[in-house]
Amino acid sequence: MSEVLDLFLELAAIASPSGEERPVADVVVRYLRDLDLAPEEDAAGNVYARLEPSREGTPLFFCAHTDTVPPAGELRPVVENGVVRNAAGTILGADDKSAVATMLEAARRLLAENRPHAGIELLFTTQEEVGLLGASAFDHARLHAQLGYVYDQAAPIGEIILGAPWARRMDVVFHGRAAHSGMYPEEGRSAIQAAAKAIADLRLGRVDAETTANVGVITGGTAANIVPEWCTFVAEARSHDERKLADLVQEMLDAFTFAATEAECEVETRLRNQYRGYRFAKSDDVVRLAAAALERSGRPVSYALSGGAADANAFNERGLRCVNLANGMTDIHTPDERIAVDDLEGMVDVTLALVEEAHGA
């Protein structure tokens, strides 16, 4: 088996839901030390290492996250017909351990083959799946490079993500009045009824080509024979247009207020910016470099927008220029998650091509 496949199989066999990434970080640290690099860790558990430049050019940083969504069972990665999957019937963890493996293997080859480069920084972050927490906590001033890449898009290699949405979360609590539902229902005020009306009035799903909304969690009440005095739900809205997002969020807030008034309840809403979006042009330097590297690697180049966030959102918010590149993952976050061995090896080639393009820039 290839070096990158061996490493990926080792990583994929380790459970690492958000907040429990330490065993994966230990493998990353061991690997970096074996390369005679000096990995550093911060309070958030992020692992950082730097390869000093050997020639002039544009330094680059590469980032992958070490956490996964929670597995629903055993992790038993196997290779079948050139494809890696989990034989135990839960997630594989290619999102994003495949990127961890390819970036580490690319660094190994750079050093083993004494390839010239303009400076490489590697960052392996924690808790990406629950809100980009590791990338947001990392001290970005430590980075020498202003251009970077994450590999965190489930699509064929060659797809460059030009933009990701802005997103806001709403934690909504309706307060009603409890009463016995059989004896004194008139005295009660149903918080669940108010919440249901609010949700029914929302535009959910795909609002337009750039915008989505969702209610993902709802709880409420205490017993079947008590008019529920409380109900809470979690909603979110996303858009590639920040103004559209603001307008949609206000529309949702108005729906909450109206529903509470109609049901003679009260409502409180806590708003949180989940992440800021970004948008690149094909002419931007970080995109042009990626396109050139993909072409050098023999991959057809395509462009897309993402409906979700990645660590790239956190870097771009802080003034760096970071692009998300598709790396061949398929059906992530599901029991059918898989990745081809050729794609693992292909992203090593893409990484080396990025480095070559950068020191020629």
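Here the structure is a predicted model, which means the values were calculated and not measured.

Novice: Explanation requested: the layout of surface pockets in the structure shown.
Specialist: Vacant regions in the atomic arrangement are exposed by a probe of water-molecule size rolled over the atoms. By volume, the largest pocket is sized at about 780 Å³. Lining of the largest pocket is provided by 38 residues; of these, Glu-128, Glu-129, Gly-131, Arg-238 and Tyr-275 occupy positions nearest its centre. Broken down by secondary-structure element, the contributors of at least two residues to the lining of the largest pocket are strand 7 (147–153), strand 11 (211–220), strand 12 (230–239) and strand 13 (266–275). Each residue belonging to the lining of the largest pocket can be placed in one class, and the counts come to 16 nonpolar, 14 polar and eight charged.

Novice: So what exactly am I meant to see when it comes to the sheet that holds strand 4 (residues 77–80) here?
Specialist: Taking strand neighbours across the sheet as the criterion, the three strands line up as 4-5-17 in an open arrangement whose pairing is antiparallel. Looking at strand neighbours, the two that pair on one side only are strand 4 and strand 17 (338–340), the edges of this open sheet. When strand polarity is set aside, the average angle formed by the axes of neighbouring strands in this sheet is 25°. Across four bridges, strand 4 lies against strand 5 (residues 83–86) in antiparallel orientation. In the strand pairing of strand 5, Val-79 is matched with Val-84. Against the sheet, helix 1 (residues 3–12) makes contact with strand 4, strand 5 and strand 17, and its axis sits at roughly 140° relative to strand 4, the strand it touches most.

Novice: Can you help me understand the packing of aromatic side chains in this one?
Specialist: What describes a pair of aromatic rings is the distance from one ring centre to the other and the angle between the planes of the rings. In total, this model carries seven aromatic pairs according to the counting rule given. Between Phe-62 and Tyr-151, the aromatic rings sit 6.3 Å apart at their centres with planes inclined by 65°, giving edge-to-face as the arrangement. Residue Phe-62 is located in strand 3 (residues 60–65), and its partner Tyr-151 is located in strand 7; the two are separated by 89 residues in the primary sequence. A residue is classified by how much of its surface remains accessible, and Phe-62, at 1% relative accessible area, is buried.

Novice: Please explain the side chain of Gln-153 as it appears in this structure.
Specialist: By the element assignment, Gln-153 lies in strand 7. Taking relative accessible area as the criterion, Gln-153 reaches 15% and is therefore assigned buried. Other than its neighbours up to four places away in sequence, Gln-153 contacts Glu-159, Ile-161, Ser-306, Asn-324, Leu-325, Ala-326, Asn-327, Gly-328 and Met-329.

Conventions adopted
Residues numbered from 1 in each chain as written. Predicted model: local features only at pLDDT ≥ 70, side-chain atom pairs only at ≥ 80, totals over all residues. Heavy atoms only, no water. 1 Å grid on protein atoms, 1.4 Å probe; cavity = no way out; pocket = protein on both sides within 12 Å on 5 of 7 lines; lining within 4 Å. Points joined across faces, edges and corners; volume = space filled by probe spheres on them. Helix = DSSP H or I, 4+ residues; strand = E, 2+ residues; numbered from the N terminus. Nonpolar A, V, L, I, M, F, W, Y, C, P; charged D, E, K, R; others polar. Pairing = 2+ DSSP bridges. Axes fitted to C-alpha atoms, helices over the stretch in contact; angles between N-to-C directions. Contact = heavy atoms within 4.5 Å. Phe/Tyr/Trp six-rings, centres within 6.5 Å; stacked < 30°, edge-to-face > 60°. Buried < 20%, exposed > 50% of the residue type's maximum accessible area, 1.4 Å probe, protein only.

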